[in-house]
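# Structural description and commentary
Read off the chains here:
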Amino acid sequence: MAQITLAKALTNGLRAAMEADEKVILMGEDIGKLGGVFRVTDGLQKDFGEDRVIDTPLAESGIVGTAVGLALRGYRPVCEIQFDGFVYPAYDQIVSQVAKLRFRSGGKLPMPIVIRIPFGGGIGAVEHHSESPEGQFVHQAGLKVVACSNPVDAYWMIQQAIATDDPVIFMEPKRRYWEKADLDESQAEAPRGLHSSRVVHEGTDATVLAYGPMVKTSLEAAIAAAEEGKSLEVIDLRTLSPLDMEPVLESVRKTGRAVVVHEAPVTLGLGAELAARITEHCFYSLEAPVLRVGAFDTPYPPSRVEEEYLPDLDRVLDAVDRTLAY
Amino acid sequence: MTNADFGPDLGSVFGPSHEGEGPELVQLLTPEGERREHPEFSYDGTDDDIRGFYRDLVMTRRIDAEATALQRQGELGIWASLLGQEAAQVGSGRALSPQDFVFPTYREHGVAWCRDVDPLRLLGLFRGVDQGGWDPRENQFGLYTIVIGAQTLHATGYAMGLQRDGVVGTQDNDRDTAVIAYFGDGATSQGDVNESFIWASVFNAPVVFFCQNNQWAISEPIEKQSRIPLYQRALGFGFPGIRVDGNDVLACYAVTKAAMQRAREGSGPTFIEAYTYRMGAHTTSDDPTRYRLSEDLENWKLKDPIARVEAYLKRGGVADDGFFADVQTEADKIATHLREGCLALPDPKVLEIFDQVYSDPSPELAEQKAAFADYLSSFESESASTGGTV
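A few points on the structure. Remember, it's a predicted structure, so these values are computed and weren't measured experimentally.

## Description of the overall build of chain B
For chain B, the count of helices and strands is 14 helices and seven strands. For chain B, whose C-alpha radius of gyration is 23 Å, the value lies close to the compact-globule estimate of 21 Å for 390 residues. Taken along the three principal axes of its C-alpha coordinates, chain B extends 85 × 55 × 50 Å. Taking as baseline every contact in chain B between residues at least 6 positions apart, the subset at least 24 positions apart corresponds to 75%. Accessible surface, chain B: about 17,100 Å² in total, of which carbon and sulfur atoms supply 50%. If you average the places of the 34 positive and of the 60 negative side-chain charges in chain B, the two averages end up 3 Å apart.

Right under this line is the structure:
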């Protein structure tokens, strides 16, 4: 079993999906010869040709809008949006067309489209390259939204997303692209379903809910907390829409405390939805209100202050301390 | 700033941009019903086909009039009339092969007719019982698209799919396929439409962009969208643009047929500007008396798309009174079909809205549906226990 980066795991997952189904095609800016700015599609155009790995003109609405047409013709397009902050020109096509065509057609026109978006900050980038727009897609009926946090999930989840007959917004934690893990590609099936959350660290004192880049941060917080004698249970949500609430509720009933961590601003972020549901379903188990650790309600700042701006281990621990103090 | 600083004066290059149809207008049947020849495009059909066009035009206008009446009677929430644009739609619609795929706006009732979509199905969207009641794959006729211009990208993507399926340029007329995207003059300002031109051009996609320039985007005249004639824009994108008399069914047929053939053969996209006029309001909610002159309307009445075909058929003795009477009878029949069918369209069941959001119901939606069903049924049991009526 080889150590593999998250980016490379995505490459291999895309390759496996393209080998399994010739209707799978990739579209995006610079994804051909260059292999994408993060090299996620490295070598795929060479192996599958320009008809299946399409370097598109520089227009995001065009990428998603033509993907709709290709899907109507029976293809399964996988669109790469180069950076989170560049998805907005495609927002109308995603919200008004991709998300609604199945519904509008009474189920006659499925939209098996995957839209890959590298998201989140922490790489010292200029503006528009560090955003976390996932909540805006979670809010849209008709879309499914997932976020991978590690190479093994990346490999399997991208294949599962492509095999889904519904549109999937696939959030990739860009600052974790270079994280490595052992990946066994010889398994016949994915270890778990696409829309399932997972306990990645067991604990008893408080539940920490995270996804994408914040899973690693939360795991580090759990280790640090353990040194202080606090036992944190960390759940990697993996699926943001639909949510997989059972593991979350089960954990919170056990710990009585929950902290949600994400890079997106807290107002109307996923943490707000999780807090509402936890409150509704675990009211009598809660020892403290659900707390949120996320971005402030400001635009993403210049990168020289992003380390202070982004939720980190200390801010997670601070929230844990506050929930334990109730 | 003088013109010398920035090259020639636009007016001298393109001529007065929107005054009249311009010298390059393709016309094969004059408003008086006289046939005309054009050096590049010719009508290759028979008089029998022209009788068929006449029938299509009359039926389309009648469907439109009946739907407008249904809206006035409160049976439709809104209707987007195509009055005046019948020739553009029938001419282009009849130029398609069965395998070609159509991406319409919300006003393509005449094209729908040519694709054998039951006009009753069109009413569902406007009555509020569905959001597209036909199967796009059955008639190769996509759902109506209300977001202006969005469908042009879908058309281009579909055309790219055709290329990948190997059904372009095989020289087999039953196999080779192309796409036609409909939109209006207002849509040409949309980013999506311009992006679709770029995509179609660089990928040489088999798509025909059919713009019905009806001079008005609700209240905004064409001058608010473009300083140059729309068809001249195509050149900048790298494919031919043609302006055709949109009220001339023969010209619309001939030009569209040539453009579709060109696309099927693998020679890429064409932009067709069908120069026409929106004789009615934008929709039944609109009031054009607030923004346009009635004399414009009177001028365009002289160019009516149906009158000129009727004049041609009568003058040449190509159709007799019996033919016209038969078409009239058939139009009455379709009107009855629409009226009776519209009133009988079943309302959707509110609990069904949960079923087609995803291919598999998410736990959240399943929960919401079940809870809502319980909530609704609580009223039933309440009224049952109090002996009330529903």
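After presenting the structure, the write-up continues.
## Some details on a negative patch on the surface
A cluster of like negative charges, contributed by Glu246, Glu250 and Glu280 of chain A together with Glu367 of chain B, occupies part of the molecular surface. By the element assignment, Glu250 of chain A lies in helix 9 (residues 245-255). With relative accessibility at 56%, the residue Glu250 of chain A sits in the exposed group.

## Comments concerning unusual backbone geometry
A cis amide bond links Ser241 of chain A with the next residue in sequence, Pro242 of chain A, at an omega value of -5°. Looking at the element boundaries, Pro242 of chain A is found in the loop between strand 12 (239-241) and helix 9. The backbone of Arg238 of chain A shows a phi angle near 65°, a positive value even though the residue is not glycine. Of the residues examined, Arg238 of chain A reaches a relative accessible area of 1% and is grouped as buried. Residues other than glycine seldom take positive phi values, yet Asn204 of chain B does so here, at roughly 55°. Positionally, Asn204 of chain B belongs in the loop between helix 8 (191-202) and strand 3 (207-213).

## Here's the deal with the side chain of Asp245 of chain B
Residues and elements named next belong to chain B. Within the secondary structure, Asp245 is located in strand 6 (residues 241-245). At a separation of 2.8 Å, a polar atom in the side chain of Asp245 contacts the side chain of Gln27. Of note is the side chain of Asp245, whose polar atom sits 2.8 Å from the backbone nitrogen of Asn247. Contacts of Asp245, omitting those with residues within four sequence positions, involve Leu25, Val26, Gln27, Ala251, Cys252, Tyr275 and Arg308.

## So, helix 5 (residues 119-127) of chain B
Residue and element names in this part refer to chain B. Listed as buried for helix 5 are Pro119, Leu120, Leu122, Leu123, Gly124 and Phe126. Where helix 5 is buried, its residues meet helix 2 (47-72), helix 4 (109-114) and helix 13 (321-344). Two or three places before Leu120, at the start of helix 5, stands the capping residue Asp118, its side-chain oxygen 2.9 Å from that residue's backbone nitrogen. Within two residues after helix 5, Gly128 carries a phi angle of roughly 90°, on the positive side.

## Let's talk about helix 3 (residues 60-72) of chain A
Residue and element names in this part refer to chain A. Taking 1.5 Å as the rise per residue, helix 3 with 13 residues should run 18 Å; its terminal C-alpha atoms sit 19 Å apart, in good agreement. Of all 13 residues making up helix 3, 13 are buried, and the element is well covered by its neighbours. Among the residues trailing helix 3, Gly74 stands out with phi positive, at a value near 105°.

## Focus on the interface of chain B and chain A
Each partner contributes residues to the interface: chain B has 39 residues there, and chain A has 46 residues. Here chain B packs against chain A, burying approximately 3,500 Å² in sum over the two surfaces, 57% of which is carbon and sulfur. Ranking the residues of chain B by area buried against chain A places Arg164, Trp199 and Tyr358 of chain B at the top, with a combined share of 19%. There are five salt bridges connecting chain B and chain A. Among the ionic pairs, Lys23 of chain A bridges to Asp165 of chain B, the shortest N-O distance being 3.5 Å. Where chain B touches chain A, the interface holds 21 residue pairs in polar contact (both at pLDDT 80 or more). Only helix 6 (136-139), helix 7 (150-165), helix 8 and helix 14 (363-385) of chain B provide two or more residues apiece to the side of chain B that touches chain A.

## Digging into the sheet that holds strand 7 (residues 168-173) of chain A
All names here are of chain A. One open sheet accounts for seven strands, arranged 3-2-4-5-7-6-12; its pairing is mixed. For this open sheet the edge positions go to strand 3 (53-55) and strand 12, each flanked by a neighbour on one side alone. Shown here is a sheet whose adjacent strand axes are inclined to one another by a mean of 20°, direction ignored. Where strand 2 (residues 24-28) and strand 3 come together, three bridges link them in parallel fashion. The residue of strand 3 that forms the bridge with Met27 is Ile54. Its contacts with the sheet place helix 1 (residues 6-20) against strand 2, strand 3, strand 4 (76-80), strand 5 (114-119) and strand 7, and it is angled at close to 135° to strand 2.

## Regarding the pairing of strand 14 (residues 291-295) of chain A
Across the five residues that make up strand 14 of chain A, a large majority, four, are buried. Between the parallel elements strand 13 (residues 258-265) of chain A and strand 14 of chain A, the chain passes through helix 10 (residues 270-282) of chain A in a crossover that is right-handed.

## Section: the nonpolar core
The biggest cluster of nonpolar side chains holds 150 residues, and the ones touching the most others in it are Ile278 of chain A together with Leu123, Phe271 and Leu313 of chain B. Apart from residues no more than four positions distant in its own chain, Ile278 of chain A is found in contact with Leu209, Met245, Val248, Leu249, Val252, Ala258, Phe283, Leu286 and Val290 of chain A. Ranked by size, the runner-up nonpolar core spans 34 residues in total, among them Ile31, Leu44, Phe48 and Leu183 of chain A.

## Section: the environment of Tyr155 of chain A
Residue and element names in this part refer to chain A. Following the sequence through the fold, Tyr155 ends up in helix 7 (residues 151-163). Looking at Tyr155, the relative accessible area reads 5%, which means it is buried. Beyond its immediate chain neighbours, meaning those up to four positions away, Tyr155 contacts Ala9, Asn12, Gly13, Ala16, Leu183 and Glu185.

Cut-off values and rules
- Residues numbered from 1 in each chain as written.
- Chains lettered and ligands numbered in written order.
- Predicted model: local features only at pLDDT ≥ 70, side-chain atom pairs only at ≥ 80, totals over all residues.
- Heavy atoms only, no water.
- Helix = DSSP H or I, 4+ residues; strand = E, 2+ residues; numbered from the N terminus.
- Rg over C-alpha atoms; globule rule 2.2 N^0.38 Å.
- Contact = heavy atoms within 4.5 Å.
- Areas by Shrake-Rupley, 256 points an atom, 1.4 Å probe, with all protein chains shown as cover.
- Lys, Arg positive; Asp, Glu negative; His and termini not counted.
- Charge placed at Lys NZ, Arg CZ, Asp CG, Glu CD.
- Patch = residues over 30% accessible without salt bridge, like charges linked within 9 Å, V, L, I, M, F, W, Y side chains within 5 Å.
- Salt bridge = Lys/Arg side-chain N within 4 Å of Asp/Glu carboxyl O.
- Buried < 20%, exposed > 50% of the residue type's maximum accessible area, 1.4 Å probe, protein only.
- Polar contact = N/O pair within 3.5 Å; in protein donor to acceptor, adjacent residues only side chain to side chain.
- Expected span 1.5 Å × (residues − 1).
- Buried area = accessible area lost by both parts, 1.4 Å probe.
- Pairing = 2+ DSSP bridges.
- Axes fitted to C-alpha atoms, helices over the stretch in contact; angles between N-to-C directions.
- Right-handed = clockwise from strand over helix to strand, strands pointing away.
- Core = buried A, V, L, I, M, F, W, Y, C linked by side-chain atoms within 4.5 Å.

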